[in-house]
Amino acid sequence: MEKILLGYGPLQVEAAFDGAKSVTCLEPAAEPAIENGKAAFYEAVRHPVDSDPLDRIVSSEDQVTIIISDITRFWSRQDLICRELVAFLHQECNMPYENMAVLVALGTHRGQSEEELRRIASEEVYQKVKMVCHDCEGALSYLGDTSFGTPVWVNPLAVGRKVITIGATVHHLMSGYGGGRKSILPGISGKRTILHNHMMCLDPERPRSSSRIGMGKLEDNPVHLDMTEAAALVNPVFGINIVVNRDGRQCRLVCGQWQKAWEESCRLVQQIAGVPIREKADIVIASCGGYPKDINLYQGIKTLLNMGQAVKPGGTMIFIAQCPDGGGAPDFFDWSRSLKTDSLDADLRAGFTIAGYIFYAGCEVIQNSRVLMLTELSPETLRDMGIEGYTDMESLLAAVDFAGKDVIVMPHGGSTVPYVSLEGPSFSVSHS
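Residues numbered from 1 in each chain as written. Predicted model: local features only at pLDDT ≥ 70, side-chain atom pairs only at ≥ 80, totals over all residues. Heavy atoms only, no water.

## What to know about the environment of glycine 144
Reasoning step 1: One can find glycine 144 in strand S7 (residues 141-145).
Reasoning step 2: Residue class for glycine 144 comes out buried when judged on its relative accessible area of 13%.
Reasoning step 3: In this structure, the C-alpha to C-alpha distance between glycine 144 and methionine 174, residues 30 residues apart in sequence, is 23 Å. (Helix = DSSP H or I, 4+ residues; strand = E, 2+ residues; numbered from the N terminus. Buried < 20%, exposed > 50% of the residue type's maximum accessible area, 1.4 Å probe, protein only.)

Written out as structure tokens, the structure is:
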């Protein structure tokens with residue numbers, strides 16, 4: 001049988017499925033990369049979605065705050081966009097550099113080093129514009145409560161100034177899609193605001209995740225709707241949304257009214273990454289796509305969740321993720337202690353963290369299947385989660401019976417979102 005190559009860190013491993021009844025390869029749609037970044041930027045900001053062109057929205061006298069993501073989102077190459085935006089404001093809008101500020105949307109993440117700030121905003125912007133890292137426990141401004149009871153505390157640089165957001169739109173396990181309103185919540189919000197919002201990931205009555213959240217889910221998703229209400233209180237004047245192709249290169253820029261432009265970018269992401277399947281498979285094998293997407297299990301869990309949408313209940317998942325940096329988040333594997341005492345749900349509700357929920361969501365999908373993993377993580381570390389760890393592909397494949405089975409292969413598992421459909425992709429939103 002023909003062998004398939006799958007990314008594993010900086011290398012590739014071979015997989016063959018002897019005796020399989022069928023083998024189906026799922027990939028995101030091919031989308032050409034942007035070749036001329038400056039031309040694409042000018043086209044996007046001068047022909048925006050549901051908005052006046054950017055040079056009619058801001059003037060030389062305005063005070064502007066540009067919100068960007070931290071180093072964990074550097075794969076989107078937002079630095080290229082930030083550089084073009086600052087140059088556009090200065091050259092086309094005659095805005096002095098001192099009227100601009102770049103605010104790094106850290107959420108609850110750690111601060112950024114000087115080297116990281118130079119990377120995420122570009123060297124040119126770092127040299128010319130004031131850069132500030134958001135502190136979720138620092139001095140904040142209160143804007144009111146959402147209808148979900150979330151007190152909205154935000155960075156003062158988002159108040160009394162014109163706010164422009166730059167973000168990357170991808171599928172997201174909690175909020176349906178990342179980007180857009182997430183630049184505000186969790187990006188520049190207070191810790192109390194963030195935790196109140198994120199707690200809605202959990203079912204209010206049962207020890208499980210809420211059925212209203214998940215990849216691609218916006219309609220009736222309380223996490224998303226709450227984020228949208230919080231962002232509306234800030235009311236950015238302009239949103240810039242980056243869409244990347246399956247090779248991780250920028251392929252579209254969607255700019256304009258902060259909510260409508262982001263929703264349009266979500267439609268594009270669904271068209272590219274949402275892959276319809278007629279039925280689920282007995283066995284699903286997926287790679288995160290190699291380095292850096294499999295740098296740690298915190299990042300790799302997204303691939304595992306995507307696999308879970310393609311495998312039959314009780315089926316087998318073969319997960320390819322090197323994870324040289326271990327769990328990634330400092331507290332990721334700490335939650336194994338709660339798992340051992342059968343108190344994971346209770347402990348997460350009592351002391352919610354993002355890493356804790358990523359761990360929790362991973363355990364939920366694992367419990368429905370047999371999971372084998374090719375990785376550098378130790379088998380002992382993975383055993384508590386219900387994962388069988390392997391360090392070589394040959395031994396792993398020998399442990400799986402492919403005879404007569406339907407197999408789905410996902411070479412870019414982190415950016416491939418399968419869903420069962422006979423009618424093709426769908427996309428819908430609801431507004432609170």
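## Examining the nonpolar core
Side chains of a nonpolar character, in soluble globular proteins, are inclined to be buried together.
Reasoning step 1: Formed by 69 residues in total, the largest nonpolar core has its most connected members in Leu297, Leu304, Tyr357 and Met373.
Reasoning step 2: Of the residues forming this core, the biggest block, ten residues, is contributed by helix H12 (residues 354-366).
Reasoning step 3: With 39 residues, the next largest nonpolar core counts Ile57, Leu89, Met131 and Ile240 among its residues. (Core = buried A, V, L, I, M, F, W, Y, C linked by side-chain atoms within 4.5 Å.)

## Some details on helix H1 (residues 37-46)
Reasoning step 1: The complete set of buried residues in H1 reads Phe41, Tyr42, Ala44 and Val45. Looking straight down H1, one finds its buried side chains confined to an arc of 165°; they lie on one side.
Reasoning step 2: Looking at the buried residues of H1, the elements they touch are helix H2 (54-57), helix H3 (78-91), strand S12 (238-244) and strand S13 (250-256).
Reasoning step 3: N-cap assignment for H1: the residue whose side-chain oxygen lies 3.4 Å from the backbone N of lysine 38 is asparagine 36. (Arc of directions from axis to C-beta. Contact = heavy atoms within 4.5 Å. Polar contact = N/O pair within 3.5 Å; in protein donor to acceptor, adjacent residues only side chain to side chain.)

## Details of the packing of helix H9 (residues 297-308) against H12
Reasoning step 1: Axis separation between H9 and H12 bottoms out at 9 Å; the angle between their running directions is 30°. Looking at the two axes, H9 sits roughly parallel to H12. The way H9 lies across H12 gives a crossing that is left-handed. Across the interface between the two elements, Tyr298, Ile301, Leu304, Leu305 and Gly308 of H9 pack against Ile354, Ala355, Ile358, Ala361, Gly362, Val365 and Ile366 of H12. (Axes fitted to C-alpha atoms, helices over the stretch in contact; angles between N-to-C directions. Parallel < 35°, antiparallel > 145°, perpendicular 65-115°, else oblique. Left-handed = near helix turned anticlockwise from the far one by under 90°.)

## A few points about empty space enclosed by the protein
Reasoning step 1: Tallying each qualifying case throughout the model produces one cavity of 30 Å³ or more.
Reasoning step 2: As for the largest cavity, its lining consists of Thr165, Gly180, Arg181, Ile184, Pro236, Gly239, Asn241 and Trp258.
Reasoning step 3: Its residues assigned to classes, the lining of the largest cavity shows three nonpolar, four polar and one charged. (1 Å grid on protein atoms, 1.4 Å probe; cavity = no way out; pocket = protein on both sides within 12 Å on 5 of 7 lines; lining within 4 Å. Points joined across faces, edges and corners; volume = space filled by probe spheres on them. Nonpolar A, V, L, I, M, F, W, Y, C, P; charged D, E, K, R; others polar.)

## Quick notes on the sheet that holds strand S17 (residues 370-374)
Reasoning step 1: With parallel pairing, the six strands of this open sheet are ordered in space as S3-S19-S15-S16-S17-S18. If you trace the sheet from one side to the other, it starts and ends with strand S3 (22-25) and strand S18 (387-390), each paired once. Ignoring which end each strand starts from, the neighbouring axes of this sheet average 20° apart.
Reasoning step 2: Both strand S15 (residues 281-287) and strand S19 (residues 406-410) contribute to a ladder of four bridges, which runs parallel. Note that in S19 the partner of isoleucine 285 across the bridge is valine 409. (Pairing = 2+ DSSP bridges.)

The analysis is restricted to geometry; functional conclusions fall outside its scope.
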